[in-house]
Amino acid sequence: MEGPHVHTMNPLEYILDIEITNRCNARCQICPRSELERPLGDMSNKTFELLAERISHSRTKHVVFSGFGEPLLHPMLPEYVRRLRREVKGRIQVNTNAKALTQELSSKLVETGLDVLNISYNGPDREAYEQIMRGMQFERLKRNLEQFLEVRGGRKKPVLSLQSSMPGVKKQKRTIMQIASLLGVEIVRLYGFNNRAGLLPDPEKGGRVPMADRFCYDKVMIAWDGTIYPCSHDIKGMHPLGNLLDAGFDAIQKEDYPMCANCTICDQDENKRYKVWKNVLRHKMLRVFR
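Residues numbered from 1 in each chain as written. Predicted model: local features only at pLDDT ≥ 70, side-chain atom pairs only at ≥ 80, totals over all residues. Heavy atoms only, no water.

Peer 1: In this structure, what is going on with the packing of aromatic side chains? I would like to understand it.
Peer 2: Here the distance between the centres and the angle between the planes together describe a pair of aromatic rings. Counted by the stated rule, this structure contains three aromatic pairs. Residues Phe-48 and Tyr-80 carry aromatic rings whose centres are separated by 3.8 Å and whose planes lie at 10° to one another, so their mutual orientation is stacked. Here the residue Phe-48 occupies a position in helix H1 (residues 45-56), and Tyr-80 occupies one in helix H2 (residues 77-85), the gap between them amounting to 32 residues. Take Phe-48: its relative accessible area is 2%, and that puts it in the buried class. Geometrically, the ring pair formed by Tyr-121 and Tyr-129 is stacked, given 4.6 Å between the ring centres and 5° between the ring planes. (Phe/Tyr/Trp six-rings, centres within 6.5 Å; stacked < 30°, edge-to-face > 60°. Helix = DSSP H or I, 4+ residues; strand = E, 2+ residues; numbered from the N terminus. Buried < 20%, exposed > 50% of the residue type's maximum accessible area, 1.4 Å probe, protein only.)

In structure tokens, the structure reads:
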């Protein structure tokens, strides 16, 4: 019987998904937080500084502040982004639902060297958005992003992007692009439905993707306590690869884990990127959202 595919990662070419907290301020229908078995917590300054030191001895390609939580809930996020800007030449991105994006926080983030502020958005209209992303309000999101863009002023960065992976999102492309334009978003990414490594029922019945074809191929997640996991979908903490407190990124090996068998999010062909035209169908958008 053929064993699992094992991939020894190049320690100089990581994409790091950093979970500075696994707390969240939303209760999204398409998020299996009830399955989370790892303890809740925030990354300490000591753990983060150790992470920054590990990164300084690598050529980490990109950093994403995300994991299985809402990064904006960590009070040290701006300082952490600024610290990593000294070490990472590639893209630094923050994934967020933007609920906690106050004007004060926006002012801090635009001064950190952050490249992308990426908004998680799921819902073809205002009502569906608030039903799917429970605890969120469309008008609050719109206000927060308007404040962010006002604070950013004439700067080109952080780029404001939006991603959506709800069921049927490709068929809702036109509507999502209209919403993005209304919100001032500049880049939209549409994914196939994210079934969270099989933890959610998949209405699109996606199939398993070979490891070499996944965009998570050279990506690992650093959890808030320093534990290294294959990706953020290991929410039960079943496959730790090590801990920053014990060693760095050297000789990390990834393989096909049981949770990968039904994962539908990692197909690179399912990741579609679009630029947003600000004047597209604006009169229709105002009619839809007034």
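Peer 1: What am I meant to see in H1 here?
Peer 2: Since the α-helix turns once every 3.6 residues, residues separated by three or four places project in the same direction. With 12 residues, H1 should cover 16 Å at 1.5 Å per step; its first-to-last C-alpha distance of 16 Å lies within 8% of that length. When H1 is considered as a whole, its buried residues turn out to be Thr-47, Phe-48, Leu-51, Ala-52 and Ile-55. Taken down its axis, H1 places every buried residue within 140° of arc, on the same side. Buried residues in H1 make contact with strand E2 (15-18), strand E4 (62-65), H2 and strand E10 (219-222). (Expected span 1.5 Å × (residues − 1). Arc of directions from axis to C-beta. Contact = heavy atoms within 4.5 Å.)

Peer 1: Sorry, what's going on with the environment of Asn-22 here?
Peer 2: With respect to the helices and strands, Asn-22 occurs in the loop between E2 and strand E3 (27-28). For the pair Asn-22 and Leu-40, spaced 18 residues apart in the sequence, the C-alpha separation amounts to 5.9 Å. Excluding residues that lie within four positions of it along the chain, Asn-22 makes contacts with Arg-33, Leu-36, Arg-38, Pro-39, Leu-40, Gly-41, Phe-68, Gly-69 and Trp-224. One polar contact links the side chain of Asn-22 to the main-chain carbonyl oxygen of Pro-39, over a distance of 2.9 Å. A polar atom in the side chain of Asn-22 sits 2.9 Å from the backbone nitrogen of Gly-41. (Polar contact = N/O pair within 3.5 Å; in protein donor to acceptor, adjacent residues only side chain to side chain.)

Peer 1: Explain the pattern of salt bridges here, please?
Peer 2: Pairs can form between side chains of opposite charge once their charged atoms are near each other. This structure, assessed with the given rule, holds 12 salt bridges. For Arg-85, the salt bridge identified is with Asp-115, shortest N-O distance 2.7 Å. Here Asp-115 lies in the loop between helix H3 (103-109) and strand E6 (116-120) and Arg-85 lies in helix H2, a separation of 30 residues in the sequence. The exposure class assigned to Arg-85 is partly exposed, which follows from its relative accessible area of 24%. Notably, a salt bridge pairs Glu-146 with Lys-142, separated by 2.7 Å at the nearest N-O pair. Pair noted here: Glu-146 and Lys-142 are both in helix H5 (residues 138-152), with a separation of four residues, about one helical turn. Look at Glu-146 and you get partly exposed, because its relative accessible area is 40%. Via salt bridges that share partners, Glu-49, Arg-83 and Glu-87 belong to a single interconnected network. (Salt bridge = Lys/Arg side-chain N within 4 Å of Asp/Glu carboxyl O.)

Peer 1: Would you mind going over unusual backbone geometry with me for this structure?
Peer 2: Glycine aside, residues mostly have negative phi, and peptide bonds are mostly found in the trans state. A cis amide bond links Lys-157 to the next residue, Pro-158, at an omega of 0°. Mapped onto the secondary structure, Pro-158 falls in the loop between H5 and strand E8 (159-164). The phi angle at Ala-98 is positive, at roughly 70°, despite the residue not being glycine.

Peer 1: I tried to follow the nonpolar core on my own but got confused; where do I start?
Peer 2: Core analysis: the largest hydrophobic core is formed by 57 residues, its most contacted members being Ile-18, Phe-65, Leu-84, Tyr-121 and Leu-183. Here this core gets six residues from one element, more than from any other, and that element is helix H6 (residues 173-183). In contact with Tyr-121, not counting residues within four places along its chain, are Tyr-129, Met-133, Phe-138, Leu-141, Leu-162, Gln-163, Ser-164, Ile-176, Ile-179 and Leu-183. (Core = buried A, V, L, I, M, F, W, Y, C linked by side-chain atoms within 4.5 Å.)

Peer 1: So what exactly am I meant to see when it comes to the packing of H5 against H6 here?
Peer 2: The packing of two helices is summarised by the inter-axis angle and the distance between the axes. Two elements in contact, H5 and H6, have axes whose closest approach is 9 Å; the angle formed by their N-to-C orientations is 50°. One element, H5, and the other, H6, form an angle in the oblique class. Contact with H5, carried on its side by Phe-138, Leu-141, Lys-142, Leu-145 and Leu-149, involves Ile-179, Leu-182 and Leu-183 of H6 and no other residues of that element. Considering only residue class, the contact of H5 with H6 consists of seven nonpolar, no polar and one charged. (Axes fitted to C-alpha atoms, helices over the stretch in contact; angles between N-to-C directions. Parallel < 35°, antiparallel > 145°, perpendicular 65-115°, else oblique. Nonpolar A, V, L, I, M, F, W, Y, C, P; charged D, E, K, R; others polar.)

Peer 1: What am I meant to see in H2 here?
Peer 2: Of all the residues in H2, the buried ones are Leu-77, Pro-78, Tyr-80, Val-81, Arg-83 and Leu-84. Where the residues of H2 are buried, they touch E2, H1, E4, strand E5 (92-96) and H3.

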